[in-house]
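Topology and contacts: notes
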Amino acid sequence: FKGDDLIEFQVARTTSLRFYIDPASLSVGADGVVRYTLVARSPSGAENVSYEGLHCKTGSHRIYALGQENATWKQVTADWKPASTLWARVLRHEFFCPSRQSIFSAAEGLDALRRGGHPDMERLRTGR
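Values in this document were obtained by computation on a predicted structure and should not be read as measured data.

How each quantity is defined
Residues numbered from 1 in each chain as written. Predicted model: local features only at pLDDT ≥ 70, side-chain atom pairs only at ≥ 80, totals over all residues. Heavy atoms only, no water. Salt bridge = Lys/Arg side-chain N within 4 Å of Asp/Glu carboxyl O. Helix = DSSP H or I, 4+ residues; strand = E, 2+ residues; numbered from the N terminus. Buried < 20%, exposed > 50% of the residue type's maximum accessible area, 1.4 Å probe, protein only. Axes fitted to C-alpha atoms, helices over the stretch in contact; angles between N-to-C directions. Parallel < 35°, antiparallel > 145°, perpendicular 65-115°, else oblique. Contact = heavy atoms within 4.5 Å. Nonpolar A, V, L, I, M, F, W, Y, C, P; charged D, E, K, R; others polar. Phe/Tyr/Trp six-rings, centres within 6.5 Å; stacked < 30°, edge-to-face > 60°. Lys NZ or Arg CZ within 6 Å of the ring centre and 35° of its normal.

**Brief notes about the pattern of salt bridges**
The final tally for this structure, using the stated rule, is four salt bridges. Between Arg18 and Glu8 there is a salt bridge, with its nearest N and O atoms 2.7 Å apart. With Arg18 in strand β2 (residues 18–28) and Glu8 in strand β1 (residues 7–9), this pair connects stretches of sequence that are ten residues apart. For Glu8, a relative accessible area of 29% corresponds to the partly exposed category.

Written out as structure tokens, the structure reads:
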């Protein structure tokens, strides 16, 4: 990923970590899974990078691979689990799964990230 291209999203005020999505990695599969590269950065600049997926209909989350220091990926053998991590819940509810349906395209997801939330989520909250 290119550090300058990352899009930050807010997770919680109580965490010192900052979270980003690599826009070039965002995709929506025919299977309804939204896939993306997540970067979690500490105040000291340390980064954890992972390639993940959200299955909107089931509310599940999976990590496919972890970024290594030498800019390669290490595949992770993990099953789908409930989207219980803070960032997965925020991505699911606020950006990628309005009304528990996946976004239609990467462009829709990128727009939601740049706006600070999916417009359908605002309509659901306000009833407008």
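Having seen it, we continue.
**As for the packing of helix α1 (residues 86–96) against helix α2 (residues 106–115)**
Across the interface, α1 lies against α2 with an axial gap of 9 Å and an inter-helix angle of 100 degrees. Our classification of the angle between α1 and α2 gives roughly perpendicular. Within the contact between the two elements, α1 uses Leu91, Phe95 and Phe96 and α2 uses Gly109, Ala112 and Leu113. Its residues assigned to classes, the contact of α1 with α2 shows five nonpolar, one polar and no charged.

**Overview of the packing of aromatic side chains**
Per the counting criterion, the structure on display carries seven aromatic pairs. Taken together through their ring pairs, the aromatic side chains of Phe9, Phe19, Trp87 and Phe95 make up a single cluster. It is Arg41 that lies over the ring of Tyr20; its NZ or CZ is 4.7 Å from the centre.

It is worth stressing that arrangement in space is one thing and function is another; only the former is reported here.
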